[in-house]
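Coordinate analysis (summary)
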Amino acid sequence: MEANILSMENITKVYPNGFVANKNVNFSIHEGEIHALVGENGAGKSTLMKMLFGSEKPDEGRILLHGKEVQIDNPTVAIGYGIGMVHQHFMLVPSLSVADNLVIGMEPKKGGLYDVERAEEIAREASEKYNLKVDPKARVVDLSVGLKQKVEILKALVRGAKILILDEPTAVLTPQETKELFIELKHLKTQGYTVVFISHKLHEVKELCDRVTVLRAGRTIGVESVENVSEQDISRMMVGRDVRLDIDKEKAQAKDTVLRVSHINKVNALGKQVLKDVSFQIPRGVILGIAGVEGNGQSEISEIISGMDRSFEGEVEVNGKNAREMTVRQLRENGVSHISEDRMTYGIVGDGSIAENMISDRYYKKEFQKGLLLDEKKIAGLADDLIEKFNVKCDGKDQPIRMLSGGNMQKVVAAREFTSGADLIIANQPTRGIDIGASMFLRNKLVELRDGGAAVLLISADLSEVMEVSDRLIVMSNGRISAYFEDASEVTEEDMGLYMLGLKQMEPEEIRRASC
Amino acid sequence: MDKIFAAIFTPEFLFSVIRVSTPLILGSMAALICNRGGMLHIAFEGIMLSAAFFGMLTSAVTQSVLLGILGAVAGGLLISLLLGYFNLVLNSDRTLTGIALNTFASAGTVFALYLLVQDKGTSSSLPSLVVPNIDIPLLKDIPVLGTILSGHNALTYAAFLIVFLTYLIIFRTPLGLRIRTVGENPNAAASVGINVLKIRFITLAISAVVASLAGAYMSMGYLSWFSRDMMAGRGFMSIAAQNLGAALPLPSLLASLAFGAVTALANVLQTLNMPSEIIQAMPYVATLIGLGFFGYGAQKSSQKRSKAVLEKARAAEEKA
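Note that the structure is predicted; figures quoted are calculated from it, not measured.

**Description of the overall build of chain B**
For chain B, the count of helices and strands is 13 helices and 2 strands. For 320 residues, the compact-globule estimate of 2.2 N^0.38 gives 20 Å, and the C-alpha radius of gyration of chain B, at 22 Å, lies within 12% of that figure. For the C-alpha atoms alone, the extent of chain B along its principal axes is close to 80 × 55 × 40 Å. Residue burial in chain B is summarised as follows: out of 320 residues, 45% are buried. Taking the intrachain contacts of chain B between residues at least 6 apart in sequence as the baseline, contacts between residues at least 24 apart amount to 72%. Per element, the accessible surface of chain B, about 14900 Å² overall, is 68% carbon and sulfur. Counting 20 positive and 13 negative side-chain charges, chain B places the averaged centre of each group 9 Å from the other.

**Thoughts on the overall build of chain A**
The helix and strand inventory of chain A stands at 18 helices and 24 strands. The C-alpha atoms of chain A give a radius of gyration of 24 Å, which matches the 24 Å a tight globule of 516 residues would have. Seen through its principal axes, chain A has C-alpha atoms that stretch 70 × 50 × 50 Å. Every one of the 516 residues in chain A was classed for burial, and the buried ones make up 55%. Long-range contacts, defined as pairs at least 24 residues apart, comprise 67% of the intrachain contacts of chain A with a sequence gap of at least 6. Total accessible area on chain A is roughly 22500 Å²; 48% of this is exposed by carbon and sulfur atoms. Both charge centroids of chain A, one from 66 positive and one from 79 negative side chains, sit 2 Å from each other.

**Some thoughts on helix α6 (residues 175-190) of chain A**
Residue and element names in this part refer to chain A. For α6, spanning 16 residues, the distance from its first C-alpha to its last is 23 Å, which sits close to the expected 22 Å at 1.5 Å a residue. What α6 keeps buried is the set Pro 175, Gln 176, Glu 177, Thr 178, Leu 181, Phe 182, Glu 184, Leu 185 and Leu 188. Immediately beyond the C-terminal end of α6, within one or two residues, lies Gly 192, with a positive phi of roughly 95 degrees.

**Topic: the nonpolar core**
Formed by 210 residues in total, the largest nonpolar core has its most connected members in A:Phe280, A:Leu424 and A:Met496. At 13 residues, the largest contribution of residues to this core is made by helix α10 (residues 196-222) of chain B. In this view, A:Phe280 contacts A:Leu259, A:Arg260, A:Val261, A:Leu288, A:Ile290, A:Ile301, A:Ile305, A:Leu457, A:Ile474, A:Ile481, A:Ala514 and A:Ser515; residues no more than four positions away in its chain are not counted. With 27 residues, the next largest nonpolar core counts A:Leu6, A:Ile11, A:Val70 and A:Val196 among its residues.

**Focus: the sheet that holds strand β11 (residues 211-216) of chain A**
By way of backbone hydrogen bonds, the strands of a sheet pair with one another, either parallel or antiparallel. Residue and element names in this part refer to chain A. Sheet architecture is open: 6 strands sit in the order β6-β9-β10-β3-β11-β12, paired in mixed fashion. Looking at strand neighbours, the two that pair on one side only are β6 (83-86) and β12 (219-225), the edges of this open sheet. Here the strands of the sheet are splayed against their neighbours by 20 degrees on average, with no regard to which way each runs. Alignment of strand β3 (residues 34-38) against strand β10 (residues 194-199), held across 5 bridges, turns out to be parallel. Within β10, the position partnered with Ile 34 by the bridge is Val 195. Sheet contacts for helix α1 (residues 45-52): β3, β6, β9 (163-167), β10 and β11; angle to β3, the most-contacted strand, approximately 130 degrees.

**A short note on the pairing of β3(A)**
All names here are of chain A. Of all 5 residues making up β3, 5 are buried, and the element is well covered by its neighbours. Neither face of β3 is open: one carries Ile 34, Ala 36 and Val 38, the other His 35 and Leu 37, and all of them are buried. Relative to β11, β3 is paired through 4 bridges, and the arrangement is parallel. Along β11, the bridge assignment pairs Ala 36 with Val 212.

**A short note on the interface of chain A and chain B**
Residue-level contacts link 32 residues of chain A with 24 residues of chain B. Summing both partners gives a buried area of about 2300 Å² for chain A against chain B, and 61% of it is carried by carbon and sulfur. Linking chain A with chain B are 3 salt bridges, by the criterion used here. Linking A:Glu107 and B:Arg178 is a salt bridge whose minimum nitrogen-to-oxygen distance equals 2.7 Å.

**Re the domain arrangement of chain A**
Looking at the assigned domains, one finds that chain A contains domain 1 (4-238), domain 2 (251-335 + 423-516) and domain 3 (346-420). Taking only C-alpha atoms into account, the centre of domain 1 of chain A sits 38 Å from that of domain 3 of chain A.

**Re the side chain of B:Ser80**
Residues and elements named next belong to chain B. When you line up the elements, Ser 80 lands in helix α4 (residues 65-89). Taking the relative accessible area as the measure of exposure, Ser 80 reaches 1% and is therefore buried. Those residues in contact with Ser 80, other than ones at most four positions away along the chain, are Ile 47, Leu 204, Ala 205 and Ala 208.

**Some thoughts on the packing of aromatic side chains**
If you walk through the whole model with that rule in mind, you get 12 aromatic pairs over all chains. Between A:Phe485 and A:Tyr499, the aromatic rings sit 5.8 Å apart at their centres with planes inclined by 70 degrees, giving edge-to-face as the arrangement. Pair noted here: A:Phe485 is in strand β24 (residues 480-485) and A:Tyr499 is in helix α17 (residues 493-500), with a separation of 14 residues, a long-range link. Of the two residues examined, A:Phe485 and A:Tyr499, each falls in the buried class. Where B:Tyr85 meets B:Phe86, the ring centres are 6.0 Å apart and the plane angle is 70 degrees; that geometry is what we call edge-to-face. Note on B:Tyr85: relative accessible area 42%, which makes it partly exposed. Among the aromatic residues, those joined into a ring-pair cluster are A:Phe390, A:Phe418 and A:Phe441. A cation sits over an aromatic face here: A:Arg324 above A:Phe312, 4.1 Å from the ring centre.

**Overview of the environment of B:Pro132**
Residues and elements named next belong to chain B. Tracing the chain through its elements places Pro 132 in the loop between α5 (94-117) and β1 (133-134). Note: C-alpha distance between Pro 132 and Thr 22 (110 residues apart in sequence) is 15 Å. Not counting residues within four places of it along the chain, the set of residues in contact with Pro 132 comprises Val 65, His 152, Asn 153 and Ala 154.

**What to know about the pattern of salt bridges**
Tallied over the entire structure, the rule returns 37 salt bridges over all chains. Across the pair A:Lys45 and A:Glu168 runs a salt bridge whose closest N-O atoms are separated by 3.7 Å. With A:Lys45 in helix α1 and A:Glu168 in the loop between β9 and α6, this residue pair connects regions lying 123 residues apart in the sequence. Per residue, the accessibility class of A:Lys45 equals that of A:Glu168, and both read buried. Between B:Glu317 and A:Arg480 there is a salt bridge, with the nearest N and O atoms lying 3.7 Å from each other. With B:Glu317 in helix α13 (residues 276-319) and A:Arg480 in strand β24, the pair connects residues from two separate chains. For B:Glu317, a relative accessible area of 48% corresponds to the partly exposed category. Classification of A:Arg480 as partly exposed rests on a relative accessible area of 30%. Taken together, the shared-partner salt bridges connect A:Lys249, A:Arg450, A:Asp451 and A:Asp471 into one network.

**Quick word on the pairing of strand β13 (residues 257-267) of chain A**
Every other side chain in a regular strand lies on the same face of the sheet, so the side chains alternate between the two faces. Residues and elements named next belong to chain A. Sheet topology note: the β13/strand β14 (residues 273-283) ladder contains 7 bridges and is antiparallel. Within the sheet, the bridge partner assigned to Thr 257 lies in β14 and is Pro 283. The turn linking β13 back onto β14 is made up of 5 residues, and Gly 271 within it adopts a positive phi angle of 80 degrees. Alignment of β13 against strand β16 (residues 313-318), held across 5 bridges, turns out to be antiparallel. Bridge assignment links Leu 259 to a residue of β16, and that residue is Val 318.

**Examining empty space enclosed by the protein**
If a probe as big as a water molecule is rolled over the atoms, it shows which places are left empty. Applying the stated rule across the entire model yields 2 cavities of 30 Å³ or more. Estimated volume of the largest cavity: approximately 120 Å³. Around the largest cavity sit 14 residues that line it, and A:Phe53, A:Met85, A:Ala156, A:Arg159 and B:Ser191 are the ones nearest its centre. Looking at the lining of the largest cavity residue by residue, the class counts come to 8 nonpolar, 3 polar and 3 charged. Its volume calculated, the second largest cavity comes out at about 40 Å³. Taken together, A:Ile304, A:Gly307, A:Asp309, A:Arg310, A:Phe312, A:Val316, A:Ala323 and A:Arg324 make up the full set of residues lining the second largest cavity.

Rules and cut-offs
Residues numbered from 1 in each chain as written. Chains lettered and ligands numbered in written order. Predicted model: local features only at pLDDT ≥ 70, side-chain atom pairs only at ≥ 80, totals over all residues. Heavy atoms only, no water. Helix = DSSP H or I, 4+ residues; strand = E, 2+ residues; numbered from the N terminus. Rg over C-alpha atoms; globule rule 2.2 N^0.38 Å. Buried < 20%, exposed > 50% of the residue type's maximum accessible area, 1.4 Å probe, protein only. Contact = heavy atoms within 4.5 Å. Areas by Shrake-Rupley, 256 points an atom, 1.4 Å probe, with all protein chains shown as cover. Lys, Arg positive; Asp, Glu negative; His and termini not counted. Charge placed at Lys NZ, Arg CZ, Asp CG, Glu CD. Expected span 1.5 Å × (residues − 1). Core = buried A, V, L, I, M, F, W, Y, C linked by side-chain atoms within 4.5 Å. Pairing = 2+ DSSP bridges. Axes fitted to C-alpha atoms, helices over the stretch in contact; angles between N-to-C directions. Buried area = accessible area lost by both parts, 1.4 Å probe. Salt bridge = Lys/Arg side-chain N within 4 Å of Asp/Glu carboxyl O. Domains from an automatic or database assignment. Phe/Tyr/Trp six-rings, centres within 6.5 Å; stacked < 30°, edge-to-face > 60°. Lys NZ or Arg CZ within 6 Å of the ring centre and 35° of its normal. 1 Å grid on protein atoms, 1.4 Å probe; cavity = no way out; pocket = protein on both sides within 12 Å on 5 of 7 lines; lining within 4 Å. Points joined across faces, edges and corners; volume = space filled by probe spheres on them. Nonpolar A, V, L, I, M, F, W, Y, C, P; charged D, E, K, R; others polar.

Given below as structure tokens:
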């Protein structure tokens, strides 16, 4: 039996709003192993790790490091104990250099001033020692997601971390970048480092990790050696029942064109060209997926088509009408609906009730008015109906929407966007950060809408989602369409990765097929 | 018209530009420091006013210029730390708190003035001191240049020194790196164990010390007494100057000087029997115009750049 370098015993955490995030959780890791922590969204993984890193305090239970009980009150203490965290949302300062970011909080000094040269030296040395190659002088804003992640890992290592916690590190990476990360992590393991790998991609857990701890609904379900369990076993432990992870759908029946995007070019506020001659079309009855590493032009495309952004070159036509001249309301009346990737800003009004959020795109219509006032009865009827149809778990239609979980919030958004009778549905990262059950529900809804004759544009950084749900596929890399596949079911993940990274690029004729 | 030109094209006019720019230079540096630390607020007016009052009062009581300046700094810190306490500890809205503190400083100083000298207008009956003017050896004997640059108030020279110090602190020290980190991504700062609250208070404090010197200059240099609401919007103009200067020390200094030039011009015109209501509005109109041009210019140049980038990309493609 190897020694536990760290163990968390009987951890219980209750948030002030009464939500029990962790209940008697036990979690321990051996020195020099890569340990997977898996569970659905909301299972309590993040909360558990936050307590380990000192950003939250447990209400009950204790944390042992090398067998001795420790109090981790804040991140500084955690760093002092050699615990480093690579957050899912990078904790980097974009305008500063890689070296600056590495040494913030422990800056080298010369004569009272900040010693930039020494900082760059530290960065170079660490970069070589751990085989994580980044340019110390590069500004973080110019780095790809994969490189930013390396900076995050280095940041933990130069602070003396011996235990590295990586929070869903592969969620934002291409298959190739993921492979590279795994090599780097295995390299760290041989150097004696211990890694906690949080994920819900089970094949990655099988490939990389030694042991796995499964959490469900805030409790520890089990700890297993990875070699002794199958992906299906882990998934059953995570969800508590067998879930069908595949989507039932017939072959797409393409009809007349709804959306036509022609020769879009865009330069962003920083003077960088973010879209390069992007053209495609979507007919009724088809789901077109856009895959790509985040930040390769997908968000911009979605904002342009949904009418949020008007500073671009090129044409967008919806149902034969030029979209540029239309206000967002006119666009919606012309048959566009939109699930934004930023649910909290563009999807919902947090303090508004569920009912209010459900009618926010249609409140002005005659059918919801009674004289000068809103027709409360009608709205209540609609809201109750949608809550039932979309299976929203809540205390009722008048509950403020911010009280709901991410998955249920997104169901409310979908209830609004999917019932406006739209001809074009733009779904940008519709299932990000929500649990498997809600995700499958939304994916199947998209297929249902397609079968009902809508054109669907699905933008997703989740490769398996975009490949499963879409009928046709576009891959974007560096603002350009790097590949177009007429039949999404014929593509392999490996191939997608090459196009996502821009290592492969289809000929212009092949890409032109996307727009005819 | 001739008279105006005759009044402007003199070394004395340039001297007065520097003189009236001093509080704006100090104010814009104070605003810059706050902006870099993600703590930009609108209470500079109140901080400066409180500093002007306490500077005057302390120098009158102690009969020491140095203690007077320290008193001014204490007066400025008082308002700034109140802002910090309300905004950072009690989570009040920063803008609303700023408005409240400005109003508080305005009314509070008048109230205190009345208690002291039974006058709601000025403190001229109190024996307060002024910071001395400094003649710079050698420089003062050079014609024209000497007239423009020599003989200013010590705080004016301090203001130029502080522009350099601001650059040094914000861009060249570990503290500056932390201030910028907290300003741009407080979560990143917290994740490496930086005490975000502490850095924000430090930011507020450094900025308040600088802004207090602007206040001290007003009651202990520009004038030799305190008068009600004597900052007259300079705190707000400082924020605008810092904005035009894109939160960089040198451009903010230039923007402050530009606002100062308009103010100096207004002062000259006043002596030439122009309608004073219009003239007194000039610095504020200049601020508005400046901000308008800045916004318009930024928009146009981004459109232009966007076109240029696309054309360049196209040209490169055709070549290939």
